[in-house]
Structures are given as C-alpha cells and as structure tokens.
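Single-letter residue listing:
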Amino acid sequence: MKVLPGLFQDTLLRLLQQAHKRAEQHKKDILISLTVPITVRDGLTLFSSNRYQQDSQFFWEHPQTQRTLVGIGCATRIQLDGGSRFQAVNAYWKELLQHAVIQEEHTLSLSSGQAHISGPILFGGFAFHETEEKSALWEGFPGASFVVPLILFSTHKEDTTVTFNYIVKPDTALYRDEDYCVTIFSQLLVLQEETYTPGASHPERELLIKRDKQFLTADDWKQLVSQSVQSIRQGEYQKIVLARGIKIELQPATERFNIGDIVNHLRHHHSNAYIFALQHEKRYFCGATPELLINTHNGTIHTMALAGSAPRGQTLAEDQNIAMHLLQSKKLLEEHRFVVSAIYQALQPLCASVSYSENPEILRLENVQHLITPLAGKLLPMRTILDLVEALHPTPAVGGLPQKKALEIIRQEEKLDRGWYASPIGWLDAYGNGEFAVALRSSLIDGQSATLFAGCGIVADSDPEEEYKETCWKFQAMMNSLGVGISTLPQQDL
Ligand SMILES: C=C(O[C@H]1C=CC=C(C(=O)O)[C@@H]1O)C(=O)O
C-alpha cells in the first residue's frame with residue numbers, strides 16, 4: 001500500500017472545500033474525483049471479496065492489453081428505460097463533468113496508444129431492446145444503467161491507480177462530507193496485496209440444464225431458423241441474428257456459483273476477449289466477449305465487424321483447414337459483409353474518416369473462430385463515444401438487416417428476453433475516451449442458477465442444424481467457466 005495517507009487527506013479536504021463552494025454557487029450536486037497511485041496485485045481479489053460490502057460492483061478486463069477496471073460502490077448513477085437513452089446518458093455525463101473538481105496525482109501517460117484509464121469514469125451498459133418491457137429474469141437491469149463508482153481501481157500492466165469519487169450536495173455540512181470521505185479512505189488503507197486464489201473446486205458438483213418454459217426448445221428454435229431462411233429467400237429481409245437461452249442449476253440446491261472463480265476462469269481462457277462482470281445486488285451479468293463495439297482514444301476510433309463462425313480444429317492442420325473454409329465460404333462472407341457495410345455506414349456521419357481492409361481476417365478464440373474486419377477512423381469534433389454507440393447498436397452481428405424488420409421479428413419470435421445480452425457495455429472517461437464491447441458469450445448468474453445466451457447470424461444459405469451446433473460452441477465459453485464441459489452434457493439437454 002503506497003498511498004501517502006497524510007498528503008492524500010490534505011488534498012481530499014481541499015477538493016471538498018472547493019466543491020462545497022461550487023455546490024453553493026451553482027445550487028447543484030458537484031462531483032469530486034481524486035486519483036492517486038496504489039499497489040494492488042490483482043483487482044479480481046478486490047472485486048470478488050466484496051470487502052467494502054457494496055451491492056453494486058463491476059469488473060472489466062482486457063487481458064491482451066493488460067488493462068483492468070474494478071469499480072466498487074456508487075458515487076452517483078443514472079438508470080432509465082425507453083427511447084433517447086443514449087443521449088440521456090450523454091447529457092447526464094456532460095452535466096456532471098461541467099463543474100466537477102478533478103485531481104489526478106500520478107504521472108502515468110495519458111497520451112500513449114493504450115493509455116492508463118483514470119479519473120472519474122462512467123461505467124455501465126444498455127439493454128438490447130429499447131422497449132421498457134422486461135421479464136423477471138432481468139429485473140434490476142434497465143434500458144440504461146451507469147454508475148460513477150465510489151472507488152475505481154485501474155490497472156495497466158504494472159501500474160495501478162485508485163480513484164475516489166464523491167458527490168458534494170449544496171445542502172450538506174462540510175464536516176459530514178469530510179467524516180465520510182476519511183472513513184472510506186481509511187478502508188482503502190487496509191488493502192492487502194494479494195492475487196486472486198480460486199475457491200475450493202467442486203469435483204462432485206453437478207449441473208442440471210433446466211427446461212425453462214420461457215425459452216424455445218432446441219427443435220422449436222431450429223424451426224424458427226428454418227422459417228427465417230424461407231423469409232430471407234423470399235426477399236422479406238436479408239439477415240437476422242437469432243439467439244437462444246438455456247438455464248443451468250447447480251446441484252444440490254444449496255450450492256452457489258462463485259463469481260470470482262467464474263471470472264478467473266474466463267480471464268485465463270479468453271485472453272483476446274473483454275472479460276466483464278456487473279453486479280446488481282445478488283446477481284451478476286458476466287461474460288467473455290470477443291466483440292469490440294467501439295473504442296475511442298484521443299479522437300481516434302476503433303471497431304470491428306465480427307460475424308461468420310466455425311469451431312476450432314483438434315489439430316493445427318484441421319484448425320487451418322477450418323479457417324481456410326471460413327475465408328472462402330460464400331455464405332459466411334456474405335453474413336460478414338452485411339456487418340462491415342452497416343458499421344461503415346453508421347460511422348460515416350460521425351467521423352472525418354473511416355478505413356478498413358477489404359479482406360477479413362481470422363480471430364481465433366478458445367472454442368470458436370470468427371471472420372473479423374477491424375475498422376479505424378477519426379471522430380468528428382463535438383461527437384462522443386455514446387453518439388457512436390447509438391449509431392452502431394445493434395449491428396447486424398447481433399440484430400439483422402434491415403435493422404427495424406429484424407428487431408421486430410427478434411422481439412416477436414425469439415421468445416427470449418435478451419435483457420443485456422448482445423448489448424453495449426463499457427465505460428467512458430472525462431477526456432472523451434472510452435470503450436464499449438458487445439455483451440456476447442455471457443450469462444446472468446443468480447446464486448444457484450445461471451442463464452446463458454448465444455445466437456447466430458442467419459442468411460439465405462443457413463442450415464438450422466449447423467446454426468444450432470454453432471450456438472452450442474458459443475455456450476461453451478461460459479459453460480466451462482461455470483465448471484462443466486459441454487461434452488459431458490447429454491446433447492438433448494441443450
Ligand atoms: C450473436 C453472437 O455472435 C455474433 C458475433 C460473432 C459471430 C456471429 C455469427 O457468426 O453468427 C454472431 O453474429 C453470439 O455469440 O451470441
């Protein structure tokens with residue numbers, strides 16, 4: 001623990017005084033944010049131990065670039081349903097930052113390509129659909145939900161900073177704020193420098209796939225794929241992404257999934273994915289998604305078209321043959337090009353330039369490989385990452401083409417409340433930088449049960465049986481991290 005408590009406190013008290021003046025002057029809530037370097041060996045330990053006993057925490061990691069964010073508690077939040085949710089969050093963040101008192105006491109580079117993330121951030125996500133209707137499954141996950149964490153640990157390679165965020169209200173006494181903030185700081189001082197150690201394994205643990213009436217059976221889902229293929233061939237639309245859900249329960253009923261162990265497994269097996277876990281009271285939405293929706297850094301944007309999938313081979317030669325097939329398959333290339341062109345068109349009005357390569361590449365994950373086309377560009381001045389998220393979501397990698405028609409069918413026929421599955425989740429900072437991923441290969445964990453989601457792009461040449469198998473490989477990432485290999489389950493259960 002390398003924080004200098006005395007200096008830390010003096011700075012904090014100065015910021016509080018400044019914020020109190022602004023709160024009185026503008027008659028509004030003022031955000032204070034103080035960032036200092038700290039030594040934390042592994043953010044996952046902090047997330048999973050819940051030592052601050054908060055019911056709202058998040059974990060975000062991109063193992064490839066060695067960046068981790070752990071948010072604990074809530075300084076302030078925005079939650080809303082319905083339309084204009086992207087712009088509502090945009091306006092909220094702008095307003096909050098307008099008079100914020102921000103101090104960063106570290107010298108970590110903010111200008112390099114993969115910068116250290118620090119200062120106040122807004123972290124959260126959106127539901128897949130704009131509609132306000134939701135099932136009991138997604139209770140507590142509204143149309144948009146973002147938090148400014150009370151405490152944020154941010155690690156990039158060897159460096160970690162901790163940011164403390166707090167809202168000063170115009171009508172609270174300064175001494176009360178000082179008391180509260182000093183208490184939180186003294187809790188920060190008891191941090192231990194430990195790495196995450198998984199809990200005891202459960203060799204005897206059994207998992208049961210529960211037939212949940214709210215989801216389509218495998219046969220009904222294949223039937224839906226078949227109907228969609230016919231509609232596409234008749235020219236009603238061009239592409240649709242159909243998803244399905246499965247529910248898994250631990251046996252005996254007293255067993256509980258351990259979120260730390262799940263995330264730990266995901267991060268060690270999916271190094272080129274975005275690992276995420278968001279807590280809402282006793283439930284967690286978590287996953288390892290390979291799909292970046294948008295990253296903005298110093299006005300440069302990066303995104304990707306990810307569509308077209310195949311399994312991994314058992315041997316190097318088989319793997320390469322499968323990849324070759326991916327790169328040459330007319331059906332998969334068509335499915336992929338729909339996504340590239342929709343992303344390119346969505347970016348055009350918001351960017352000064354956008355470029356991408358005509359030929360897709362292969363992205364290899366533990367159990368699946370995909371066609372990928374990275375896109376890069378320059379954001380126009382005054383445009384924000386949330387403008388980009390709004391323009392892009394849902395891309396035809398998770399929705400379809402034309403978008404409106406595909407979304408209508410998904411809502412009517414899929415018989416699945418997607419909730420936050422396949423939706424944008426991520427963060428934005430006070431300097432216009434941010435990153436959103438598409439929440440795929442994900443699961444909603446609720447004590448003894450886990451609901452998993454997977455979908456695939458359907459085009460004119462899709463085969464229902466093959467698409468069904470594809471959802472099974474996609475479930476595998478989450479299944480393995482829950483402690484069961486998909487191969488050990490009877491096929492009819494899936
Ligand atoms: C909708 C999912 O994957 C999308 C992303 C990559 C490849 C896809 C595909 O090949 O169908 C899907 O468009 C999912 O994993 O649930």
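Residues numbered from 1 in each chain as written. Predicted model: local features only at pLDDT ≥ 70, side-chain atom pairs only at ≥ 80, totals over all residues. Heavy atoms only, no water.

- The protein is annotated in an unreviewed UniProt entry as isochorismate synthase from Tengunoibacter tsumagoiensis.
- Quoted straight from UniProt, the Catalytic activity (unreviewed entry) entry for the protein says "chorismate = isochorismate".
- Word for word, the UniProt comment on the protein under Sequence similarities (unreviewed entry) is "Belongs to the isochorismate synthase family." (UniProt positions renumbered as here; feature names shortened; annotations may be inferred.)

## Describing the site of the ligand
So, point 1. In the vicinity of the ligand there are 18 residues, among which S309, A397, Y421, R441 and G455 approach most closely.
So, point 2. In this structure, an oxygen atom belonging to the ligand sits 2.5 Å away from a side-chain N or O atom of S309.
So, point 3. Interatomic distance of 2.6 Å between a backbone N/O atom of A397 and an oxygen atom of the ligand.
So, point 4. Relative to its unbound accessible area of 380 Å², the ligand is 100% covered by the protein chains.
So, point 5. Cavity membership is defined here by more than half of the atoms lying within 2 Å of grid points; on that basis the ligand lies in the largest cavity.
So, point 6. Elements with a minimum of two residues in the shell around the ligand: β15 (300-311), β23 (449-458) and α11 (464-482).
So, point 7. The residue inventory of the shell around the ligand, partitioned by class, reads eight nonpolar, five polar and five charged. (Near = heavy atom within 4 Å. Polar contact = N/O pair within 3.5 Å; in protein donor to acceptor, adjacent residues only side chain to side chain. Areas by Shrake-Rupley, 256 points an atom, 1.4 Å probe, with all protein chains shown as cover. 1 Å grid on protein atoms, 1.4 Å probe; cavity = no way out; pocket = protein on both sides within 12 Å on 5 of 7 lines; lining within 4 Å. Sits in = over half its atoms within 2 Å of the grid points. Helix = DSSP H or I, 4+ residues; strand = E, 2+ residues; numbered from the N terminus. Nonpolar A, V, L, I, M, F, W, Y, C, P; charged D, E, K, R; others polar.)

## Looking at helix α5 (residues 218-233)
So, point 1. Between its first and last C-alpha, α5 extends 23 Å over 16 residues, near the 22 Å set by a 1.5 Å rise per residue.
So, point 2. A218, W221, K222, L224, V225, S228, V229, S231 and I232 are the residues of α5 that are buried.
So, point 3. Buried residues belonging to α5 abut β11 (239-251), α10 (403-413), β23 and α11.
So, point 4. Positioned one or two residues after α5, G235 has a phi angle of 85 degrees, which is positive. (Expected span 1.5 Å × (residues − 1). Buried < 20%, exposed > 50% of the residue type's maximum accessible area, 1.4 Å probe, protein only. Contact = heavy atoms within 4.5 Å.)

## Here we look at the pattern of salt bridges
So, point 1. The tally for this structure, following the rule as stated, stands at 15 salt bridges.
So, point 2. A salt bridge links K28 to E95; its shortest N-O distance comes to 3.2 Å. One end of the pair, K28, is in the loop between α1 (5-26) and β1 (30-38); the other, E95, is in helix α3 (residues 85-98), and 67 residues separate them in sequence.
So, point 3. The class of E95 is partly exposed, set by a relative accessible area of 45%.
So, point 4. For the salt bridge of K474 with E470, the shortest nitrogen-to-oxygen distance reads 2.8 Å. Placement of the pair is K474 and E470 together in helix α11, with a separation of four residues, close to one helical turn. (Salt bridge = Lys/Arg side-chain N within 4 Å of Asp/Glu carboxyl O.)

## Brief notes about the environment of L482
So, point 1. Within the secondary structure, L482 sits in helix α11.
So, point 2. Given the relative accessible area of 1%, L482 is considered buried.
So, point 3. Taking C-alpha positions, L482 is 25 Å from V241, a pair spaced 241 residues apart along the chain.

## Side note on the nonpolar core
So, point 1. Within the largest apolar cluster, 96 residues are counted, with the highest numbers of intra-cluster contacts made by W60, F126, I294, L347 and F436.
So, point 2. Counting residues domain by domain, this core receives three or more from each of domain 1 (5-188) and domain 2 (209-493). (Core = buried A, V, L, I, M, F, W, Y, C linked by side-chain atoms within 4.5 Å. Domains from an automatic or database assignment.)

## Structural notes on unusual backbone geometry
So, point 1. Of the consecutive residues H393 and P394, the connecting peptide bond is found in the cis state with omega at -10 degrees.
So, point 2. The residue K415 is not glycine, and still its phi comes out positive at about 55 degrees.
So, point 3. Within the secondary structure layout, K415 lies in the loop between α10 and β20 (424-429).
So, point 4. Residue classification places K415 among the partly exposed positions, given a relative accessible area of 44%.
So, point 5. One non-glycine residue with positive phi stands out, namely R441, at about 45 degrees.
So, point 6. With respect to the secondary-structure elements, R441 resides in the loop between β21 (434-438) and β22 (442-446).

## Focus on the packing of aromatic side chains
So, point 1. For the structure on display, the rule yields 17 aromatic pairs.
So, point 2. A centroid spacing of 5.6 Å and a plane angle of 35 degrees characterise the contact between W60 and Y274, whose relative ring orientation is tilted. Of this pair, W60 sits in strand β2 (residues 57-62) while Y274 is found in strand β12 (residues 274-280), placing the two residues 214 residues apart along the sequence.
So, point 3. The exposure class assigned to W60 is buried, which follows from its relative accessible area of 2%.
So, point 4. A centroid spacing of 5.2 Å and a plane angle of 80 degrees characterise the contact between W138 and F285, whose relative ring orientation is edge-to-face. Here W138 is found in the loop between β6 (121-126) and β7 (144-148), whereas its partner F285 is found in strand β13 (residues 283-289), with 147 residues between them in sequence. (Phe/Tyr/Trp six-rings, centres within 6.5 Å; stacked < 30°, edge-to-face > 60°.)

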